[in-house]
Amino acid sequence: GTTYNVNYFLTTQQLTGVLPIESDLVEALNGATVLNSVTNSFNQAAGVWNAGSILSFTATSSSTTLRFTDTTTAANSIPINWGLDNVSVVAAGGSATPEPATFAIVGLGFGILAVWRRRRA
């Protein structure tokens, strides 16, 4: 039931000549069921990395498959391909439950404030 965001970078590679329009489809799947998908269309110079469209999905099981599919037309695919890098999956909005270490730090902070107030009084 947790919502996640998938972030990644895309670039063109082995490019010579006119910049073609590359495209891809990014999907989050639970088995054969598509939870959500986004498409990207890009034509930057070779080696220039750009952030892809963020894919958000809500998990429905303990594992989810991410699929990156090249949807570039045949006319645009020669002699070029595209690269994918820096893929990350993060929970949207951060963790809803603080970690135990967070409680310890907050408690320590309140303890220091209490001692400081006593000394001032």
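Residues numbered from 1 in each chain as written. Predicted model: local features only at pLDDT ≥ 70, side-chain atom pairs only at ≥ 80, totals over all residues. Heavy atoms only, no water.

Draft legend 1. The arrangement of the nonpolar core in detail. Of all hydrophobic cores here, the largest spans 11 residues; its members are V6, Y8, L10, V26, A28, V38, F42, L55, F57, A59 and W82. Those elements that place two or more of their residues in this core are β1 (3–13), β2 (22–30), β3 (33–42) and β5 (55–58). In terms of residue count, β1 provides more of this core than any other element does, 3 residues in total. Residues within four places of A59 in sequence aside, it is in contact with G1, T2, Y4 and T64. (Core = buried A, V, L, I, M, F, W, Y, C linked by side-chain atoms within 4.5 Å. Buried < 20%, exposed > 50% of the residue type's maximum accessible area, 1.4 Å probe, protein only. Helix = DSSP H or I, 4+ residues; strand = E, 2+ residues; numbered from the N terminus. Contact = heavy atoms within 4.5 Å.)

Draft legend 2. Region of interest: the pattern of salt bridges. For the structure on display, the rule yields 1 salt bridge. Between R67 and E27 there is a salt bridge whose closest N-O contact spans 2.8 Å. On the criterion of sequence distance, the pair formed by R67 in strand β6 (residues 65–70) and E27 in strand β2 is long-range, its members being 40 residues apart. For E27, a relative accessible area of 10% gives the class buried. (Salt bridge = Lys/Arg side-chain N within 4 Å of Asp/Glu carboxyl O.)

Draft legend 3. Representation of the side chain of T72 within the structure. For T72, the position within the fold is in the loop between β6 and β7 (81–91). A polar contact is formed between the side chain of T72 and the side chain of E22, at a distance of 3.4 Å. Here D70 takes part through its side chain, which lies 2.7 Å from a polar atom of the side chain of T72. (Polar contact = N/O pair within 3.5 Å; in protein donor to acceptor, adjacent residues only side chain to side chain.)

On their own, these measurements won't tell you what the molecule is for.
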